[in-house]
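Examining the three-dimensional arrangement
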Amino acid sequence: MTFVVGLTGGIASGKTTVANLFHQHFGIEIVDADVIAREVVAPGSEGLKAIENKFGSSVLLEDGNLDRSKLREIIFSDPSQKAWLDQLLHPMIRANMLAELANTTSEYALLVIPLMVENHLQQLADKVVVVDVDEATQLERTVARDNVALEQAQAIVAAQASREQRLAIADFVIKNDTENQKLLPQITELHQKFLEIGRANR
Ligand code: ATP
């Protein structure tokens, strides 16, 4: 069984940056829930067919891809449609994450799930790492990276789980409100810990 380290954090907290460091420096393989969430609705997928059957071809772009903003509009205004969509896609995403994890060969695998708290997915991980930043830093990085207004960044942060809710599920915390150079030492230390825990559990 693969030893699975779950990684989560709020918008622009630095999950991708952290996961890349684990991969680049230690060869740890990454399974990314966001990538899988896109794969299960890719053109030709069962997921996309079901969505088209339910909502009609107006949720498709001309090139056959899912029109995400259209779908977002539909489910935003109707919680029962959101529930339908979650019931369709969540089991697929979960099954694909497990299948990808089973295929990894590094000493442990990193399972990146941005909405781990919101979707109660912490049980999929043996240990949970939370990338933690203060809200001011998080807003600043969201605005800079996504080129959005501060109010929009604030609305996204408010709609996500709170910093406290995420920290409550953390076994380990990576602090990322300082400059980038401070990340690698934290990651190196955690990597050593995960090797030890993984070996002890084998
Ligand atoms: P999301 O889930 O929103 O896609 P994320 O948690 O994966 O985001 P990243 O994309 O890794 O976050 O980082 C968000 C932004 O902040 C990026 O532009 C990244 O370059 C920057 N960033 C991350 N960590 C640091 C840091 N320590 N110092 C400066 N900038 C950083």
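Everything numeric in this text was worked out from a predicted model, so none of it was measured.

**Observations regarding the pattern of salt bridges**
If you walk through the whole model with that rule in mind, you get 6 salt bridges. Each of D132, R163 and K175 takes part in one network of salt bridges that share partners.

**Re the site of the ligand**
In the neighbourhood of the ligand, 14 residues make up the surrounding shell, with K15, T16, T17, R145 and N176 lying closest. Contact distances for the ligand include 3.0 Å between an oxygen atom and a backbone N or O atom of G14. One of the backbone N or O atoms of T178 is found 3.1 Å from a nitrogen atom in the ligand. Burial of the ligand by the protein amounts to 73% of the accessible area it has alone, namely 630 Å².

**A short note on unusual backbone geometry**
Generally, phi is negative for residues other than glycine and the peptide bonds are trans, each holding for most cases. Not every positive phi belongs to a glycine, and H120 is a case in point at roughly 55 degrees. Relative to the elements of secondary structure, H120 occurs in the loop between β3 (109–112) and β4 (127–132). A positive phi angle is found at N147, which is not glycine, with a value near 55 degrees. Tracing the backbone shows N147 in the loop between α6 (135–146) and α7 (150–159).

**Describing the UniProt feature "binding site: ATP" (unreviewed entry) in the chain**
Following the UniProt record, the feature "binding site: ATP" (unreviewed entry) maps to A12, S13, G14, K15, T16 and T17 here. Using a relative accessible area of 11% as the deciding quantity, one classes K15 as buried. In terms of polar contacts, K15 uses its side chain to reach the backbone carbonyl oxygen of G9, at 3.0 Å. Among the secondary structure elements, T16 is positioned in helix α1 (residues 15–26).

**Quick look at the domain arrangement of the chain**
Interface extent is often summarised as the accessible area lost during association of the parts. With domains assigned, the chain is organised as domain 1 (1–28 + 107–202) and domain 2 (41–105). Summarising the inter-unit geometry, the C-alpha centres of domain 1 and domain 2 are found 25 Å apart. Each partner contributes to the interface: domain 1 provides 9 residues, whereas domain 2 provides 8 residues. Both sides of the domain 1 and domain 2 interface together cover about 670 Å² of buried area, and 72% of this is carbon and sulfur. When the buried surface of domain 1 facing domain 2 is broken down by residue, T2, L111 and L124 rank first, second and third, together holding 52% of it. Counting across the interface, domain 1 meets domain 2 through 0 salt bridges. Of the residues that constitute the side of domain 1 that touches domain 2, the class distribution is 6 nonpolar, 2 polar and 1 charged.

**Remarks on the nonpolar core**
In a soluble, globular protein the nonpolar side chains are often hidden away together inside. Ranked by size, the top nonpolar core spans 32 residues in total, and within it V40, I51, L66, L89, M97, L111 and I113 carry the most contacts. Of all the elements, helix α5 (residues 79–102) adds the most residues to this core, at 7 residues. When residues of this core are assigned to domains, at least three map to each of domain 1 (1–28 + 107–202) and domain 2 (41–105). Residues in contact with M97, not counting those within four places in the same chain, are V31, A33, I36, L111, I113, L121 and L124. By size, the runner-up hydrophobic cluster in this structure holds 20 residues, among which are A19, L110, L190 and L195.

**Describing the packing of helix α4 (residues 68–76) against α5**
Geometry of a packed helix pair, given as the angle between the helix axes and the separation of the axes. At a minimum axis distance of 6 Å, the contact between α4 and α5 shows a crossing angle of 125 degrees. As the angle between them shows, α4 and α5 are arranged oblique. Contacts from L71, I74 and I75 in α4 reach P79, Q81, K82 and L85 in α5. Across the contact of α4 with α5, the residue classes break down as 5 nonpolar, 1 polar and 1 charged.

The rules we used
- Residues numbered from 1 in each chain as written.
- Predicted model: local features only at pLDDT ≥ 70, side-chain atom pairs only at ≥ 80, totals over all residues.
- Heavy atoms only, no water.
- Salt bridge = Lys/Arg side-chain N within 4 Å of Asp/Glu carboxyl O.
- Near = heavy atom within 4 Å.
- Polar contact = N/O pair within 3.5 Å; in protein donor to acceptor, adjacent residues only side chain to side chain.
- Areas by Shrake-Rupley, 256 points an atom, 1.4 Å probe, with all protein chains shown as cover.
- Helix = DSSP H or I, 4+ residues; strand = E, 2+ residues; numbered from the N terminus.
- UniProt positions renumbered as here; feature names shortened; annotations may be inferred.
- Buried < 20%, exposed > 50% of the residue type's maximum accessible area, 1.4 Å probe, protein only.
- Domains from an automatic or database assignment.
- Contact = heavy atoms within 4.5 Å.
- Buried area = accessible area lost by both parts, 1.4 Å probe.
- Nonpolar A, V, L, I, M, F, W, Y, C, P; charged D, E, K, R; others polar.
- Core = buried A, V, L, I, M, F, W, Y, C linked by side-chain atoms within 4.5 Å.
- Axes fitted to C-alpha atoms, helices over the stretch in contact; angles between N-to-C directions.
- Parallel < 35°, antiparallel > 145°, perpendicular 65-115°, else oblique.

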